Amino acid sequence: MDIKAIKKEAEKDIDSAKNLKELDDIFKKYLGKKGEITRILRSLKDLSEKQKKETGMLANKIKKELEINIKEKKYVLQSSDWLASKFQDIFDITVPSKKLLVGHLHPITIVRRKVEEIFQQMGFSVVEGPEVETEWYNFDALNIPKDHPARDAWDTLWLKPESQKLLLRTHTSPVQIRYMEKNQPPLRIIAPDRVFRHEATDASHDVQFYQLEGLMIGKDISAANFVAVIQEFFQRFFNKEIKIRLRPSFFPFTEPSFEMDINCVNCQGKGCSVCKQTGWLETLGAGMVHPEVFKACGYNPKFWQGFAFGVGLDRLAMMKYKINDIRLFYSSDLRFLEQF
Ligand code: DAH
């Protein structure tokens, strides 16, 4: 057989050797006293000078390579033999391994991404602000002056020392102010972010939750634009036709202000336990941005007008997935989380 073919065959044999005994036989077959490579090396003396040199060099090279291959294979077989002997009573190394557990998105994150996608398609930019806020951005600039009773509506977590007047923001509305200070209209933004309240927890309240703030400012942006944008948003979010209604309300930072309801997504407005038989779900607060807010940001309220709104992202997620307790979102309970 041609020496190169012998080499190929030897490599194949080494590769498929299953234990040290088989490997030893392979060594003998090729490199032992009567081995095939040894035989070639021994027969060199019968060849011409030229052939002797060529075949001799090649055979020696292949001999070395096979020796290395066998050594490496020996090492592999020895270590797996060792592993098997060490652990054979503990586990079966031939059993296929378990699939690694991989995490997935939290329902609030799924909803947040969906909301961002819908508003981005309508030309809104997504912006963020700090979770630790100053009194100015969280209250004063939003037309909620010190000692005004409206402040009581936001149960605030103040940070120490109190003299610094720092707090955990109670709503995402301060992001409006921060954005308007640095940018000129026309503008369209949303701020989906975390907020904090100093509140007793129950099925619909938690000390932390997520809000979605929206703001659209231009020369002639009206409440009709708000209705169009928000209705489109809800239809895309719930993937079905949604009716909305506005009711008069009060927020210091909007005038006029309204509360917005959508027809119950559970019973399509017929009346059920989710909507307490009213057919409507209270959904968000909104209004036309107050002139005092524009002034606080350095805008001239005679030139600009627009709408703002705020809605709980948790509330949107609860409506979408029919969840009846907000605390489930923050409980890290896998029985709940694995359903999404
Ligand atoms: N910031 C309000 C809250 O936390 C929600 C809100 C209401 C935001 C009306 C707005 C708005 O931008 O116009 O209750």
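Residues numbered from 1 in each chain as written. Predicted model: local features only at pLDDT ≥ 70, side-chain atom pairs only at ≥ 80, totals over all residues. Heavy atoms only, no water.

**With respect to the side chain of Thr170**
Part 1 of the reasoning: The topology assignment puts Thr170 in the loop between strand S4 (166–168) and helix H7 (173–182).
Part 2 of the reasoning: Its relative accessible area of 0% is what places Thr170 among the buried residues.
Part 3 of the reasoning: A distance of 3.0 Å separates polar atoms of two side chains, one belonging to Thr170 and the other to Asn138.
Part 4 of the reasoning: Residues contacting Thr170, with those up to four places away along its chain left out, are Asn138, Phe139, Trp154, Asp155, Thr156, Val195, Phe196 and Arg197. (Helix = DSSP H or I, 4+ residues; strand = E, 2+ residues; numbered from the N terminus. Buried < 20%, exposed > 50% of the residue type's maximum accessible area, 1.4 Å probe, protein only. Polar contact = N/O pair within 3.5 Å; in protein donor to acceptor, adjacent residues only side chain to side chain. Contact = heavy atoms within 4.5 Å.)

**A short note on the site of the ligand**
Part 1 of the reasoning: Surveying the vicinity of the ligand reveals 16 residues, the closest of which are His171, Ser173, Arg197, Gln211 and Glu213.
Part 2 of the reasoning: One nitrogen or oxygen atom from the side chain of Arg197 is found 3.0 Å from an oxygen atom belonging to the ligand.
Part 3 of the reasoning: One of the backbone N or O atoms of Ala308 is found 3.2 Å from an oxygen atom in the ligand.
Part 4 of the reasoning: Coverage of the ligand by the protein chains reaches 91% of its 350 Å² of free accessible surface.
Part 5 of the reasoning: When residues of the shell around the ligand are traced back to their parent elements, those giving at least two are H7, strand S6 (208–218), strand S9 (280–289) and strand S10 (305–312).
Part 6 of the reasoning: Among the residues making up the shell around the ligand, the classes are represented as six nonpolar, eight polar and two charged. (Near = heavy atom within 4 Å. Areas by Shrake-Rupley, 256 points an atom, 1.4 Å probe, with all protein chains shown as cover. Nonpolar A, V, L, I, M, F, W, Y, C, P; charged D, E, K, R; others polar.)

**With respect to the sheet that holds strand S7 (residues 244–251)**
Part 1 of the reasoning: The sheet built from seven strands is open, its strands ordered S1-S5-S6-S10-S9-S8-S7 with mixed pairing. Strands at the two margins of the open sheet, each flanked by one partner only, are strand S1 (125–126) and S7.
Part 2 of the reasoning: Of the pairings in the sheet, the one linking S6 to S10 comprises eight bridges and is antiparallel in character. Bridging from a neighbouring strand, Leu215 pairs with Ala308 of S10.
Part 3 of the reasoning: Lying over the sheet, helix H8 (residues 223–238) contacts S7, strand S8 (254–263), S9 and S10, oriented at roughly 30° with respect to S8. (Pairing = 2+ DSSP bridges. Axes fitted to C-alpha atoms, helices over the stretch in contact; angles between N-to-C directions.)

**Considering the domain arrangement of the protein**
Part 1 of the reasoning: Split by domain assignment, the protein resolves into domain 1 (3–87) and domain 2 (107–337).
Part 2 of the reasoning: Using C-alpha coordinates to define each centre, domain 1 is positioned 76 Å away from domain 2. (Domains from an automatic or database assignment.)

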